[in-house]
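Next come the chains, spelled out residue by residue.
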Amino acid sequence: MMQPETPICNTCGEQLGFNSDGTGVFVACHECNFPICKACLEYEINEGHTGCIQCGTPYDGSLTKVGVTEKESVALNTMADHLSNNQDAGLHARNMSTVSTVDSEMIDEGGNPIWKNRVESWKDKKNKKKKGGGKVAKEVQVPIDQQIEERQQSGEPNAMQPLSQIIPIPKSQITPYRIVIIIRLIILGLFFHYRITNPVESSYGLWLTSVICEIWFAISWVLDQFPKWYPINRITFTDELSARYEREGEPSELAAVDFFVSTVDPLKEPPLITANTVLSILAVDYPVDKVSCYVSDDGAAMLTFESLVETAEFARKWVPFCKTFSIEPRAPEFYFSQKIDYLKDKVQPSFVKERRAMKRDYEEYKVRVNALVAKAQKTPEEGWTMQDGTPWPGNNPRDHPGMIQVFLGHSGAHDIEGNELPRLVYVSREKRLGYQHHKKAGAENALVRVSAVLTNAPYILNLDCDHYVNNSKAVREAMCFMMDPQVGRDVCYIQFPQRFDGIDHSDRYANRNTVFFDVNMKGLDGIQGPVYVGTGCVFYRQALYGYGPQSLPTLPNPSSSSCCCCGPKKPKKDIEEFKRDSRRDDLNAAIFNLKEIESYDDYERSLLISQMSFEKTFGMSSVFIESTLMENGGLAESANPATMINEAIHVISCGYEEKTAWGKEIGWIYGSVTEDILTGFKMHCRGWRSIYCMPVRPAFKGSAPINLSDRLHQVLRWALGSVEIFLSRHCPLWYGWGGGRLKLLQRLAYINTIVYPFTSLPLVAYCTLPAICLLTGKFIIPTLSNLAAVWFLGLFLSIITTSVLEIRWSGVSIEELWRNEQFWVIGGVSAHLFAVFQGFLKMLAGVDTNFTVTAKAADDLEFGELYMIKWTTVLIPPTTLLVLNLVGVVAGFSDALNKGYEAWGPLFGKVFFAFWVILHLYPFLKGLMGRQNRTPTIVILWSVLLASVFSLVWVKIDPFVSKGDSSLTQGCIAIDC
């Protein structure tokens, strides 16, 4: 009988078992003792792998003679029976916990699926083809990772060099940082012990409110701080990538990449901005036959289509110019507007002449696009008409057919030098009334399917329409991770930081979000990877299809959980099923053998696909389903160029996703306006990890709203998405615990992303307390003893020290850290507060509330938009808090003047508290005032006059505290020495 301590197979998770003679535990490789069971070993040998997976040592001769026996066939059929009886339809992946059902009518008399027997016969047929030698019509393509392994074994120098390297934070920086975090945690515990055991009886309500708020702030700090425990940096070696995959005289072996650019309304998202993004993609430093750019026009605007026609024509001149002179960035608008010496490092004599000519061509191109924009300002009553006189199909943006137009590419126009250009594809998915289209997430999923049918690159890079490629080698940076066999096996996406143009130098409203991108994301990179932020991300296509990573994390053994008095607990059913269904190699051997499906004929391929019920997951398109089975991308042999466009139109029809797993388990996930967080979270729950790539030259740059109202509304949308996730089934508080694939610190980070809007409730209350204390003469802290003063001082010092050490290892500046702190308060008492109420109304009551913004014109000076005044309801709470605290300060000083010298001591604690709120809200106050030199003098005079009158009236009335009340000083702060 097998003992519980028997080692576990590294492949399937089952126990290894014993030798046939029962003398000991089964060992396949006596060189490294790599744990692999007999069943997995037999499968590896049948697949032609005669050496150890770990060390490469050939297996013993007696083991390599193992063939497919009758016993193995019965075992496989038994496993197939399990698949056919599984009722959890809709998930299909090779490495997922559940698989599709098999139609009951396809079971033979013996209880075995007919398609299973067909698969076995197909395998036998392929083995016979292999023995045919010279009769093989086509050479079998060897996967890239296998080629690298062979090169490493042969001793090639380039194959041995790493493509990337982790640079850990120096111990002299990270160790003190961690120590201070632990000390701060201990001080917090002592602080709360004092606060809870020393209530203020005279102002019990204020004291209780403050303690509740402080406890919530401490929880928020823990959720934010501890995911930064393992920060790391990474560097890439693009030269090694080229040496490995781009050999002279040979075709490039770099993986293909499909770029996604999404836009909706060209009047709000200017076509010229989208065009610059497209031009920067077409000019990237990457093989042209490996690049395809898909532009999603979710508004079906003829303006977007016509501007893309002009862009494709201008690209014929722009792309060769960029590559000839190696310019950066390769978005013409931003290249020509640079205030730098553009002749630096340029040695070609013709550069100046060519640059002047190109700038003239670009200005002419801009005029043509601007003319299209001016024409589109007023829509004709009969709708738009194309050049051939036919009506534009998208005249009704809510009810129109799907549209696809392919520009450039292999069969399209070449550049002016006769060279091939990357493919450019215009896509507008079908929309009909009565269907749910899921906004950006639905548009991205449509692009996934279209690109799979037309090009099927193994990697996808998605960008917002206002994020252009700032570093032409950005794709190569990502491929240093994705194409490294040692690193990229379990990587679902590479996230680049967001960088922005056009932000004021002081970054008044923390638009750069430097603390998040340079501190938090580095911390997550050391755990399971950064969160997906919606743009500037390179995806592994198979991860978007819901597949799990090639090497699944080891699952906890359910039998190990026991109680000292009750003995071992019975393992839970869901864990056992999860463990059983995660046998990746068994699934690959039985049905998901991707390496062999290309050898099947059309009938066999269609039969396999239909009987696997892939339609329930991917939809009714055999062409698309077949593309999902190709791990390394590329078009299938059965792809018919004549019908590809028709098939692409089919997969973007509005009813294609009905009764499928799109938006539920595969693709971009629906259910929140922040679909990016949800999509990345689902991938991490499956066991994938992500990587944070920060090249020296920023990979992508975008535009950010720099005026106060637009910034708050942007934050409002993000916070609303977090609230929607919190109220959904995908909430990180309870989703994904069963598999054990999401690391604890990674889960804390995701919990922080969905609970931070709720901090607005205690934050508003806490910012109101100073004004109440000043107006009522009470305070939230009793008389301090010497020990209590030490805890308060230690808490403030630990907060300051943590920030200083964080600045030290991350490289952010003090100003950036302070701006982030200020906007945390500004956004917390405004946008986050509205997001909480709007989220509950939307998710629980079905009421969708929108906050409209009325804008006034801005001037034409630099950063003129920064001073635009846009009044909206989001501005009311922070304005109220400012007025309350300013009035409280005036009232406090007036009261102290009225009472004499003894009242000044207790006043300082309250005033310090109020000034803490005012300083954090100062950028908001500055935004309300606009330019200082434009503030009307009459406003300043009236403000001073009203403040003076109010102070005098307050001193005279003194409504809250009687003159003979001596209890004031007992409720206020004082240090007992």
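Criteria and cut-off values
- Residues numbered from 1 in each chain as written.
- Predicted model: local features only at pLDDT ≥ 70, side-chain atom pairs only at ≥ 80, totals over all residues.
- Heavy atoms only, no water.
- Helix = DSSP H or I, 4+ residues; strand = E, 2+ residues; numbered from the N terminus.
- Areas by Shrake-Rupley, 256 points an atom, 1.4 Å probe, with all protein chains shown as cover.
- Pairing = 2+ DSSP bridges.
- Axes fitted to C-alpha atoms, helices over the stretch in contact; angles between N-to-C directions.
- Contact = heavy atoms within 4.5 Å.
- Buried < 20%, exposed > 50% of the residue type's maximum accessible area, 1.4 Å probe, protein only.
- Phe/Tyr/Trp six-rings, centres within 6.5 Å; stacked < 30°, edge-to-face > 60°.
- Expected span 1.5 Å × (residues − 1).
- Parallel < 35°, antiparallel > 145°, perpendicular 65-115°, else oblique.
- Left-handed = near helix turned anticlockwise from the far one by under 90°.
- Nonpolar A, V, L, I, M, F, W, Y, C, P; charged D, E, K, R; others polar.
- Disulfide = S-S within 2.5 Å.
- Core = buried A, V, L, I, M, F, W, Y, C linked by side-chain atoms within 4.5 Å.

Draft legend 1. Local environment of the overall build of the chain. Of regular secondary structure, the chain possesses 35 helices and 17 strands. Here the chain has roughly 45,300 Å² of accessible surface; of this, 58% comes from carbon and sulfur atoms.

Draft legend 2. Expanded view of the sheet that holds strand β11 (residues 537-540). An order of β5-β6-β4-β3-β7-β11-β9-β14 is seen for the eight strands of this open sheet, with the pairing classed as mixed. The strands lining the two open edges of the sheet, one partner per strand, are β5 (403-408) and β14 (689-692). If you compare each strand with its neighbour and ignore which way they point, the axes differ by 20° on average. Bridge analysis of strand β3 (residues 257-263) against strand β7 (residues 459-464) gives six bridges, and the strand direction is parallel. Residue pairing across strands places Phe 260 opposite Asn 462, the latter belonging to β7. Sheet contacts for helix α14 (residues 439-454): β3, β4 (291-297), β5, β6 (423-428) and β7; angle to β3, the most-contacted strand, approximately 145°.

Draft legend 3. Just unusual backbone geometry, in detail. The residue after Glu 328, namely Pro 329, is reached through a cis peptide bond having omega -10°. Here Pro 329 lies in the loop between α11 (302-325) and α12 (332-336). Residues other than glycine seldom take positive phi values, yet Lys 439 does so here, at roughly 50°. Not every positive phi belongs to a glycine, and Lys 659 is a case in point at roughly 60°. Inspection of the secondary structure assignment puts Lys 659 in the loop between α24 (644-651) and α25 (675-685). For Lys 659, a relative accessible area of 81% translates into the label exposed.

Draft legend 4. Structural view of the sheet that holds strand β10 (residues 499-501). Strand order across the open sheet formed by three strands is β8-β15-β10, with mixed pairing between neighbours. Looking at which strands have only one partner, the edges of the open sheet turn out to be β8 (468-469) and β10. Examined bridge by bridge, β10 and strand β15 (residues 700-703) share three bridges and lie parallel to one another. From the neighbouring strand, Arg 499 faces β15, where its bridge partner is Lys 701.

Draft legend 5. Local environment of the packing of aromatic side chains. On inspection of all chains with the given rule, the structure shows 45 aromatic pairs. Summarising the aromatic geometry, the rings of Phe 321 and Phe 351 are spaced 6.4 Å apart at their centres and angled 10° between planes, so their arrangement reads as stacked. Note that Phe 321 is positioned in helix α11 and Phe 351 in helix α13 (residues 351-375), a separation of 30 residues in sequence. Exposure remark for Phe 321: the relative accessible area of 5% places this residue in the buried category. On the basis of relative accessible area, Phe 351 is assigned to the buried category, the value being 1%. When the centroid spacing of 6.4 Å and the interplanar angle of 50° are considered together, the rings of Phe 726 and Trp 734 count as tilted.

Draft legend 6. Region of interest: helix α30 (residues 814-828). Relative to the 21 Å expected for 15 residues at 1.5 Å per residue, α30 spans 21 Å between its end C-alpha atoms, a close match to the ideal helical length. Those residues of α30 that fall on the buried side of the exposure criterion are Leu 817, Arg 819, Gln 822, Phe 823, Val 825, Ile 826, Gly 827 and Gly 828.

Draft legend 7. Structural detail: the packing of helix α28 (residues 760-776) against helix α31 (residues 831-844). Interhelical geometry of α28 versus α31 gives an angle of 135° and a closest axis separation of 9 Å. Taken together, the axis directions place α28 and α31 in an arrangement best described as oblique. For the crossing formed where α28 meets α31, the hand is left-handed. Packed against α28, whose contacting residues are Ser 760, Leu 761 and Val 764, the element α31 presents His 832, Leu 833, Val 836 and Phe 837 at the interface. Taken together, the residues that form the contact of α28 with α31 break down as five nonpolar, two polar and no charged.

Draft legend 8. Looking closely at α14. Its 16 residues give α14 an end-to-end C-alpha distance of 23 Å, which sits within 8% of 22 Å, the value for a rise of 1.5 Å per residue. For α14, the buried fraction is high: 14 of the 16 residues fall into the buried class. Taken from the residues just after α14, Asn 456 is the one with a positive phi, measuring 55°.

Draft legend 9. Local environment of the state of the cysteines. All told, the structure shown has zero disulfides when counted by the stated rule. Free cysteine Cys 767: the closest other cysteine sulfur is in Cys 213, separated by 9.2 Å. Of the residues examined, Cys 767 reaches a relative accessible area of 0% and is grouped as buried.

Draft legend 10. Representation of the packing of helix α10 (residues 271-282) against α13 in the model. Here α10 crosses α13 at 135°, and the two axes come no closer than 10 Å. Judged by the inter-axis angle, α10 sits oblique to α13. Of the residues in α13, those in contact with Pro 271, Leu 272, Ala 275 and Asn 276 of α10 are Tyr 362, Tyr 365, Lys 366, Val 369 and Val 373. Looking at the contact of α10 with α13, its residues break down into seven nonpolar, one polar and one charged.

Draft legend 11. A look at the nonpolar core. Counting 203 residues, the largest nonpolar core has Trp 318, Leu 424, Met 479 and Ile 494 as the members making the most contacts within it. Look past the residues within four positions of Leu 424 in its chain and what remains in contact with it is Val 278, Leu 282, Cys 293, Val 295, Leu 308, Ala 312, Gln 405, Val 406, Phe 407 and Leu 408. Listed in part, the 13 residues of the second largest apolar core include Cys 9, Leu 16, Ile 36 and Cys 40.

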